[in-house]
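Notes for the structure review
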Amino acid sequence: MGVLAHLAVQRHSLGREIQKLANDGIRLDETEEGGITAYALAQSSLVAHVKAKQDEDSYLVKLKEGVRNKEITAFTQGSDGVLKLNDRLCVLDVDGLRKAIMEETHSSRYSIHLGATKMYLDLKELYWWKGVKKQVADHVAKCLNCQQIKAEHQRLGGLAQDIEIP
């Protein structure tokens, strides 16, 4: 029995070490040869900023209290104290963070000016805040590039309808 208890303690300790690595952005994968490969995951500086400032938003502070008191079950709070909804980081309304996230998402080289729907779908995979869909639509509506693209599509759509096909 002593050996089994010792193994259980070692497994628990190993689990804690793996969790610490995960919290630091390190991912472990098993190789086909039975080895382990460690990957450092890239993370936006905005994500770190959101995590550091979550306690400055009164709405999120109330949500955290509700989670701790088990009054709110839809949200979770990690061991690092970060509030999430369905694994999406809850973004506070401090220091223009929401606007910065929308600008980064909208103007990144991977999703440049794809419109409100695509931007919302991309953004909602990582982030949550109250009214995100409306704010994304408003942000895209103010984008001059998007308005020019939309006008061009409407113009080309009108030309296609004017052409008669025999």
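Residues numbered from 1 in each chain as written. Predicted model: local features only at pLDDT ≥ 70, side-chain atom pairs only at ≥ 80, totals over all residues. Heavy atoms only, no water.

1. Remarks on the pattern of salt bridges
What counts, and what does not: Salt bridge, as used here, is a side-chain nitrogen of Lys or Arg placed within 4 Å of a carboxyl oxygen of Asp or Glu. Under the scheme used here, helices are H or I runs from DSSP no shorter than 4 residues and strands are E runs no shorter than 2 residues, and both carry numbers assigned from the N terminus. Residue exposure (1.4 Å probe, protein chains only): buried if accessible area is under 20% of the type maximum, exposed if over 50%, otherwise partly exposed.
One pass over the full model with this rule turns up 6 salt bridges. Of the charged contacts, one joins Lys53 and Asp95 as a salt bridge, the two residues approaching to 3.0 Å between their closest N and O atoms. Here Asp95 lies in the loop between β5 (88-90) and α4 (97-107) and Lys53 lies in helix α2 (residues 45-53), a separation of 42 residues in the sequence. Residue class for Asp95 comes out exposed when judged on its relative accessible area of 54%. Linking Glu103 and Lys99 is a salt bridge whose minimum nitrogen-to-oxygen distance equals 3.9 Å. Here the residue Glu103 and the residue Lys99 both occupy positions in helix α4, the gap between them amounting to 4 residues, near one helical turn. Residue classification places Glu103 among the partly exposed residues on the basis of a relative accessible area of 38%.

2. Describing the layout of surface pockets
Just so we agree on the cut-off: Put simply, the grid is 1 Å and covers the protein atoms alone, a cavity is a trapped set of points that fit a 1.4 Å probe, a pocket is an open set with protein on both sides within 12 Å along at least five of seven lines, and lining residues have an atom within 4 Å of a point. Grid points are joined across faces, edges and corners, and a volume is the space filled by probe spheres set on the points. Under the grouping applied here, Gly and all other residues not named as nonpolar or charged are polar, the nonpolar ones being Ala, Val, Leu, Ile, Met, Phe, Trp, Tyr, Cys and Pro and the charged ones Asp, Glu, Lys and Arg.
In this structure, the second largest pocket encloses a volume near 160 Å³. Lining the second largest pocket, in full, are Asp93, Gly96, Leu97, Arg98, Lys99, Met102, Gln135, Asp138, His139 and Lys142. Elements represented by at least two residues in the lining of the second largest pocket include exactly α4 and α6 (132-141). The dominant element in the lining of the second largest pocket, judged by the number of residues it contributes, is α4, at 4 residues. For the lining of the second largest pocket, the per-class residue count stands at 2 nonpolar, 3 polar and 5 charged.

3. So, unusual backbone geometry
We note that Lys70 has phi near 60°; this positive angle belongs to a residue other than glycine. The residue Lys70 is located in the loop between α3 (58-68) and β3 (75-77) in this model. Judged by relative accessible area, Lys70 falls into the exposed class, the value being 69%. Its identity as a non-glycine residue notwithstanding, Asn86 has a phi of 50°, on the positive side. Relative to the assigned elements, Asn86 resides in the loop between β4 (83-85) and β5.

Honestly, it's all geometry; don't read function into it.
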